[in-house]
Amino acid sequence: MKDMKLAILYLLSIAMIIGGVVSCKNMGTRQLVRKKCVECHQKKVDEFKKAGVVHKPLKDNECESCHRPHGVIGGAYLKVSEKELCYTCHKEMKSVLDKKHLHAPTKESECLSCHSPHSSENKNLLKGKGNNLCFICHKEDAYSRKMQHAPLSDKGCLTCHDAHGSDYEKSLFDSTDAVCRKCHDFKKPGFVKSHSGYNPEGNTCVSCHTPHSSSNTKLLREFVHTPIDQNQCKSCHNSPESERPLGVKKTGAELCYECHTENRIAFAKAHVHDPVKKDNCLSCHSPHATDNKDATLLPDGKLCYSCHKEREKLIEKQHVHKPAGENNCTSCHNPHASDNDYELKETGKNLCYQCHKKDDFTQPNVHSPVKKGDCVTCHDPHASNHKFELRLAEVEQCYTCHQKEKMFFDRVNVHTPIRIGQCVVCHSPHSTTEKKLLVQKKNKLCFNCHNGMLDEISDGSVHESFAKGRCSTCHDEHASDNDCQLVEEGADNCYGCHKNIQTLSQKSKHTHMPIRDGKCTSCHNPHGSKIKGRLNRPAGSLCLSCHSGLALNIEKDEFQHAPAKERMCLKCHVPHYADIENLLTGKGVSLCKDCHNLNNPAMAVAHSGIAINKTDCIGCHETHSAENKGLMHKILHPPFKEGNCKKCH
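Reading the values: rules and limits
Position labels on residues start from 1 in each chain and follow its written sequence. Selection of residues for local features in this predicted model requires a pLDDT of at least 70, selection of side-chain atom pairs for listing and counting requires 80 or more, and totals for whole chains, interfaces and linings are taken over all residues. Values reported for side chains reflect all heavy atoms of the structure, with hydrogen atoms and water molecules removed beforehand. Helix numbers and strand numbers start at the N terminus; a helix is a DSSP run of H or I with at least 4 residues, a strand a run of E with at least 2. Each radius of gyration reported is based on C-alpha atoms, and the globular scaling rule is 2.2 Å times the count of residues to the power 0.38. Any residue under 20% of the maximum accessible area for its type is buried, any over 50% is exposed, and the rest in between are partly exposed; the area is computed with a 1.4 Å probe on protein chains only. Residue contacts follow a heavy-atom distance rule, with two residues in contact if any of their heavy atoms lie within 4.5 Å. Only the protein chains shown count as cover for residues, with accessible areas throughout obtained via the Shrake-Rupley method and a probe of 1.4 Å. Aromatic pairs are defined between Phe, Tyr and Trp rings, using the six-membered ring for Trp, whenever the two ring centres lie within 6.5 Å; interplanar angles under 30 degrees are classed as stacked, those over 60 as edge-to-face, and all others as tilted. Polar contact criterion, stated in full: a pair of N or O atoms within 3.5 Å, where within protein one must be able to donate a hydrogen and the other to accept it, and residues adjacent in sequence count only if both atoms are side-chain atoms. For salt bridges, the criterion is a side-chain nitrogen of Lys or Arg within 4 Å of an Asp or Glu carboxyl oxygen. Disulfides are defined as cysteine sulfur pairs within 2.5 Å. To count toward a patch, a residue needs a relative accessible area over 30% and no salt bridge; like charges are then connected within 9 Å, while nonpolar side chains (Val, Leu, Ile, Met, Phe, Trp, Tyr) are connected within 5 Å. For the purpose of charge, His is not counted, nor are the chain termini; Lys and Arg are scored as positive and Asp and Glu as negative. Note that the charge is assigned to NZ on lysines, CZ on arginines, CG on aspartates and CD on glutamates. The score called pLDDT rates the predictor's confidence residue by residue, from a low of 0 to a high of 100.

## Re the overall build of the chain
For step 1, the next point in the chain: Scanning the chain from N- to C-terminus turns up 35 helices and 22 strands.
For step 2, the next point in the chain: On C-alpha atoms alone, the chain measures out to a radius of gyration of 47 Å, which is more than a quarter above the 26 Å that the 2.2 N^0.38 rule sets for 649 residues.
For step 3, the next point in the chain: By its C-alpha atoms, the chain is 150 × 100 × 50 Å across when sized along the principal axes.
For step 4, the next point in the chain: Split into buried and exposed, the 649 residues of the chain put 27% on the buried side.
For step 5, the next point in the chain: Once local pairs closer than 6 in sequence are excluded, the contacts in the chain between residues at least 24 apart make up 48%.
For step 6, the next point in the chain: Summing over all exposed atoms, the chain offers an accessible surface of approximately 43900 Å²; the carbon and sulfur share of this is 55%.

In structure tokens, the structure reads:
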């Protein structure tokens, strides 16, 4: 029954929603009549139609060809995903996806990267004219050098390339050779003469010439092999009249060493790069021309990664050594030969000093790995997921050598830099002028972080150890089982300097409870205070913070003893230890006589003429506060209460 009620409620809700859609309803009938998008969005449609080229569905007011009229929140949603939508009409374009080489937007089915979906001032609804459209994605620098290829400057990129995809590399409409032959007659005498009498074959044009733009004449690439630059192809190739004109006179490195004689000797080192060892210079260098420095086939890093593929993955890590990040492998490695492992240009730290300032590593106190010149003990020379290209997280890196310290630091309370794994907050990982590789003099180091504590009490009484930065007198710099990394627990930490207080308190009959319990900091701030005695708060309120019952009585009683009222507890009490009970400064009347003149006649009258110079005042009077005048005890002996002392005395 319950399920049926829910079903009826659900159907009624749907009916109410349908009934509320008045924008698509003919109010005169029960039948829903669908309006076209343009009936509401006519202004927008008119704007689109002002352009020179209008997308056919929009031109025919058929927005619904691409858009759904409804959506969960009423948005103008596409009928299908963008990647499929265009192919619903342009079915012939889907076959382009089968081509070997696809333009990136085609590959990702992102037609709107180049085409406007509604209208445009350009043919084929393109977002830009000619090459300007291409330069939205392709950096213009490589295409705008001094000498420009005619198709690029006059006719545009599509003279050679297919905008969507091709079976030929670089999305050319045909092979490189065929594309060049479209404009250039390879058999023409002038063409042959300009190539030293040789007839170029196959796809060799781009081995010397750039297809886009160049800083050199004849569109020669940026770095040209000297024989090519001097039009001396015969230096390496057979004569143009020979049976094999483009054949080389010698094979491998033997041909190169004809000119590069000094290299044969220079490459005779303990460690030789494999291509050099195999006399295969052309595995790295172009024999004709290239856009890369030193006439390499690819830019520095990319060339290396063509063989050292496992190294390429390193630069995906979070922290990359600058030379590796810039694909500048030859900053550290000699690409041909070296007397050092891995063809390094220098050994150990001398290699690092080529970029890193030597002064930072040669101060009086030097970290052991730096002293040994073994930087890679801590740092990965290529990349790491840890800051500064450390092989491990900072603190774990330190523990690889400092195992003993790791055990020692496993305590209850650990200094924050160690707890968060940042030893370098206090220690230099390389070298410093201070002992223990501290980044600063020990008496100033702590104040790098804790300077605020010193500022707070700068005008008050500062604990000498704290003021002089001798923090390790009380605290362990690294870790401790005691609160605040204290060297000793409680008062034992204070007694290292304040031995006399410990000795005298042990000899005294009565000791203040905080002293007895070893809680000096209950009363004193261990660093300093703007209150005399480095107290945590003014003496009176400090005492009453523990003696709460006494504080309550002083507050509620009508009469207060002046020292108690003025919170001058130390007028009568000593703060640490005494031989007199309640830590009083004196016994009997001797305690009171400093404030009360016992020889004053008024004093004799008040005490019925009885001598009080040898009495104990607290026999009759309260010491702090009372309900009775004269601070008399609450319960009094009747003769005494009536002032008739002589009845007994």
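## Some details on unusual backbone geometry
For step 1, the next point in the chain: Even without a glycine there, the phi angle at Ser 171 is positive, about 60 degrees.
For step 2, the next point in the chain: Since its relative accessible area comes to 11%, Ser 171 is described here as buried.
For step 3, the next point in the chain: Unusually for a residue other than glycine, Ala 295 sits at a positive phi of about 55 degrees.
For step 4, the next point in the chain: Mapped onto the elements, Ala 295 comes out in the loop between strand S9 (289-290) and helix H16 (300-305).
For step 5, the next point in the chain: The exposure class assigned to Ala 295 is buried, which follows from its relative accessible area of 16%.

## With respect to the packing of aromatic side chains
For step 1, the next point in the chain: Under the defined criterion, the tally for this structure stands at 6 aromatic pairs.
For step 2, the next point in the chain: Taking the centre distance of 5.7 Å and the plane angle of 45 degrees together, the rings of Phe 135 and Tyr 143 count as tilted.
For step 3, the next point in the chain: Site record: aromatic cluster; members linked through ring pairs are Tyr 399, Phe 408 and Phe 409.

## Quick notes on the environment of Thr 217
For step 1, the next point in the chain: Inspection of the secondary structure assignment puts Thr 217 in the loop between strand S6 (213-214) and strand S7 (223-224).
For step 2, the next point in the chain: The exposed category is assigned to Thr 217, whose relative accessible area is 54%.
For step 3, the next point in the chain: In this structure, the C-alpha to C-alpha distance between Thr 217 and Lys 146, residues 71 residues apart in sequence, is 8.7 Å.

## What about the side chain of Ser 508?
For step 1, the next point in the chain: Tracing the backbone through its elements, the reader meets Ser 508 in the loop between helix H28 (499-507) and strand S18 (510-511).
For step 2, the next point in the chain: Of note is the side chain of Ser 508, whose polar atom sits 2.8 Å from the backbone oxygen of Leu 504.
For step 3, the next point in the chain: Not counting the four nearest positions on each side in its chain, Ser 508 is found in contact with Tyr 577, Ala 578 and Asp 579.

## A few points about the pattern of salt bridges
For step 1, the next point in the chain: As enumerated under the stated definition, the model contains 14 salt bridges in all.
For step 2, the next point in the chain: For Arg 391, the salt bridge is made with Asp 380, and the minimal N-O distance between the two is 3.7 Å. Here the residue Arg 391 occupies a position in the loop between strand S13 (383-384) and helix H21 (394-399), and Asp 380 occupies one in the loop between helix H20 (368-371) and S13, the gap between them amounting to 11 residues.
For step 3, the next point in the chain: Exposure remark for Arg 391: the relative accessible area of 39% places this residue in the partly exposed category.

## Comments concerning the environment of Ile 501
For step 1, the next point in the chain: Tracing the backbone shows Ile 501 in helix H28.
For step 2, the next point in the chain: Between the alpha carbons of Ile 501 and Tyr 577 there is a distance of 8.6 Å; along the sequence they are 76 residues apart.

## Section: the state of the cysteines
For step 1, the next point in the chain: What the rule picks out here adds up to 0 disulfides.
For step 2, the next point in the chain: There is no disulfide at Cys 378, and the cysteine sulfur nearest it, in Cys 401, is 6.5 Å away.
For step 3, the next point in the chain: The structure places no disulfide on Cys 497, whose sulfur is separated from the nearest cysteine sulfur, that of Cys 474, by 6.4 Å.

## Section: a negative patch on the surface
For step 1, the next point in the chain: A cluster of acidic residues, Asp 483, Glu 488, Glu 489 and Asp 492, forms a negative patch at the surface.
For step 2, the next point in the chain: Relative to the elements of secondary structure, Glu 489 occurs in the loop between strand S17 (479-480) and helix H27 (492-495).
For step 3, the next point in the chain: Since its relative accessible area comes to 59%, Glu 489 is described here as exposed.

## Brief notes about the confidence of the model for the chain
For step 1, the next point in the chain: Residues with a pLDDT of 70 or more make up 94% of the chain, whose mean pLDDT is 89.
For step 2, the next point in the chain: Note on residues 14-29: pLDDT is under 50 here. Beyond four places in sequence and across chains, it has 10 contacts.

## Brief notes about the side chain of Glu 394
For step 1, the next point in the chain: Counting through the fold element by element, Glu 394 comes out in helix H21.
For step 2, the next point in the chain: Buried charged residue Glu 394 carries no salt bridge. Nearest counter-charge: Lys 387, at 7.0 Å.
For step 3, the next point in the chain: The residues contacting Glu 394, other than those within four sequence positions of it, are Gly 421, Gln 422, Cys 423 and Val 424.

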